[in-house]
Amino acid sequence: LVGVVSALPAQEISAEEKKDGFVSLFNGKDFTGWRFTDNSATPANWKVTDGLIKLSGGGKPHLASQWDYDDFEIRMEWRPLRQNYNSGFYIRSARNVGPNQINLAQKAAGNLMGGAKGGKAVPELQKPVMEWNEWRVRAVGDTLTFWCNGKQAWEVKDFKPARGYVGLQAEGAPIDFRNIRIKELGYEPLDASRQLASSGWKTEGDTLLASDASQRSWKRPARNFVVRLEWKAVKGAQGQVQLAGAKTRTAAVVLGDLPEGSGALPGLKSKPSKKADYPLEQWNYLEIEVKDNKARVWLNGTVVADKVDLTKAPELAEADSLQIVGSGGLQLRRLRLKEIKP
């Protein structure tokens, strides 16, 4: 795997990985999908050049994912540009990262630190300065497994918490990163294999673009589920995630260019607790969880609706589909669904 991936262009996922469900966490062009922990737009010590994330050093800010994750496998490549390098790879960490760091320092590479315990340093598995290393991390429940350059380094149990962010630490040395890709375990893409009907959506690469009154619906196999998607709006663009498909609009989460912000379920008189939307023409990160007839809406790191009673929408119990409608140029991508099992 390491040899194959290293030979590919900077951000290209192999056909095998793509088939297996991996997606890129870095597009090779900019920091879409990431954010800086001091909320800065373009910090001096981070940049994207030649398809690489380039860290020049410094102690802050760190780079953190927009999404948080529970069970996943993540793979990435990194190379130090001088001796005595130092950085870190955060796994299921806090929103602004800090806990649960796999150390990326020359003499302590692989050491699990910052709250988590059990993983020991394996500097002997790292390659020399200026050569690319491949790291692979798999988190399933409370088990965390770590590989360096194709060799399993360690596995720890009782790893907590069950959900959190990934990130890269800024430290006092230049390091390059590339080919950061992830597979969210348990999620299935909402693609043609599940699709029931579609109209009005235009496909551009991995993005769906809505014209007026665009609709798309998918088979929903369970009453308890999580749906995740990324959306972007221009002025006036709006949409709904209808949890009961075409049978009712009562249980629908609204999103887009809205005065009060996205995440409301207006048919159930639920308003967002705050406006957590990013500015227009920036990607937003939306998760809707339906469990035991209660809905929870997470937007860009904030729970904007919680414990919304869906029993007031009786059609929901009988519906077997999930429908999304959009208009005015709303864009969607990376739609996926996970069944919550008893």
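Okay, so let's go over this structure.

Conventions and cut-offs
Residues numbered from 1 in each chain as written. Predicted model: local features only at pLDDT ≥ 70, side-chain atom pairs only at ≥ 80, totals over all residues. Heavy atoms only, no water. Helix = DSSP H or I, 4+ residues; strand = E, 2+ residues; numbered from the N terminus. Rg over C-alpha atoms; globule rule 2.2 N^0.38 Å. Buried < 20%, exposed > 50% of the residue type's maximum accessible area, 1.4 Å probe, protein only. Contact = heavy atoms within 4.5 Å. Core = buried A, V, L, I, M, F, W, Y, C linked by side-chain atoms within 4.5 Å. Phe/Tyr/Trp six-rings, centres within 6.5 Å; stacked < 30°, edge-to-face > 60°. Salt bridge = Lys/Arg side-chain N within 4 Å of Asp/Glu carboxyl O. Pairing = 2+ DSSP bridges. Polar contact = N/O pair within 3.5 Å; in protein donor to acceptor, adjacent residues only side chain to side chain.

Attention now goes to the overall build of the chain. Helix and strand content of the chain: two helices and 25 strands. Taken against the 2.2 N^0.38 rule, which gives 20 Å for 342 residues, the C-alpha radius of gyration of the chain at 21 Å falls within 12% of a compact globule. Over its C-alpha atoms, taken along the principal directions, the chain stretches across nearly 60 × 40 × 35 Å. Burial status across the chain gives 55% buried among its 342 residues. Considering only contacts in the chain between residues 6 or more positions apart, those separated by 24 or more positions represent 67%.

Turning to the nonpolar core, a few remarks are in order. If you look at the biggest cluster of nonpolar residues, it comprises 47 residues, and the most contacted ones within it are W46, I74, I91, W135, F177 and I180. Not counting the four nearest positions on each side in its chain, I74 is found in contact with L25, F89, I91, W135, R136, V137, V166, I180, R181 and I182. In terms of nonpolar packing, the next biggest core, distinct from the first, is built from 36 residues, W218, A237, L322 and I324 among them.

Below, the discussion takes up the packing of aromatic side chains. Given two aromatic rings, one states the distance between the centres and the angle between the planes to describe the pair. Taken as a whole and assessed by the stated rule, the structure comprises ten aromatic pairs. Taken together, a centroid distance of 5.4 Å and an interplanar angle of 10 degrees make the contact between W67 and W298 stacked. Residue W67 is found in strand β5 (residues 63-69), and its partner W298 is found in strand β22 (residues 294-299); the two are separated by 231 residues along the sequence. For W67, a relative accessible area of 3% gives the class buried. Take W298: its relative accessible area is 3%, and that puts it in the buried class. Each ring, one from F89 and one from W135, has its centre 6.5 Å from the other, and the planes form 45 degrees; the classification is tilted. With a gap of 46 residues between them, F89 in strand β7 (residues 88-93) and W135 in strand β10 (residues 133-140) connect regions that are remote in the sequence. A relative accessible area of 2% means that F89 is categorised as buried. Judged by its relative accessible area of 0%, W135 is buried.

Below, the discussion takes up the environment of A44. By secondary structure assignment, the location of A44 is in the loop between β2 (34-36) and β3 (46-49). Separated by 134 residues in sequence, A44 and R178 place their C-alpha atoms 19 Å apart.

This brings us to the pattern of salt bridges. This structure, assessed with the given rule, holds 23 salt bridges. Across the salt bridge formed by E77 and R178, the nearest N and O atoms sit 3.2 Å from each other. Taken together, the residues E77 in strand β6 (residues 72-80) and R178 in strand β14 (residues 175-184) connect sequence positions 101 residues apart. The residues E77 and R178 share a single accessibility class, namely buried.

With respect to burial, β14 is a largely interior element, nine of its ten residues being buried. Both strand β1 (residues 23-24) and β14 contribute to a ladder of two bridges, which runs antiparallel. The residue of β14 that forms the bridge with V23 is I182. Of the pairings in the sheet, the one linking strand β4 (residues 52-55) to β14 comprises three bridges and is antiparallel in character.

Let's shift gears to the environment of T311. Of note, T311 is situated in the loop between β23 (302-309) and β24 (321-327). Judged by relative accessible area, which is 47%, T311 ranks as partly exposed. For the pair T311 and N293, spaced 18 residues apart in the sequence, the C-alpha separation amounts to 6.2 Å. Here the side chain of T311 touches D309 through a polar contact of 2.6 Å, side chain to side chain.

What follows concerns the pairing of strand β17 (residues 207-219). Inspection of the sheet shows strand β16 (residues 195-204) paired to β17 by eight bridges, in the antiparallel sense. When the bridges of β17 are listed, K202 appears paired with L209. By the bridge criterion, three bridges tie β17 to strand β25 (residues 331-339) in an arrangement that is antiparallel. Of the residues in β25, the one forming a bridge with L208 is L332. One ladder, built from six bridges, connects β17 with β24; its direction is antiparallel.

This brings us to the environment of E73. One can find E73 in strand β6. Taking C-alpha positions, E73 is 28 Å from T203, a pair spaced 130 residues apart along the chain. With residues up to four places along the chain from it excluded, the contact list for E73 reads F22, R136, V137, R138, R181, I182, K183 and L185. In terms of polar contacts, E73 uses its side chain to reach the side chain of R136, at 2.8 Å.

A few words on the side chain of N179. When you line up the elements, N179 lands in strand β14. Looking at N179, the relative accessible area reads 3%, which means it is buried. Side chain to side chain, N179 and E77 meet in a polar contact 2.5 Å long.

Attention now moves to the sheet that holds strand β8 (residues 101-103). For sheets, the rule is that strands pair by backbone hydrogen bonds, running either parallel or antiparallel. Reading across from one edge, β2-β5-β13-β7-β8-β9 is the order of the six strands in this open sheet, with antiparallel pairing throughout. Edge positions in the sheet fall to β2 and β9 (112-113), since each has one partner strand and no second. Sheet topology places β5 next to strand β13 (residues 164-168); four bridges connect them, and they run antiparallel. Bridging from a neighbouring strand, A64 pairs with G167 of β13.

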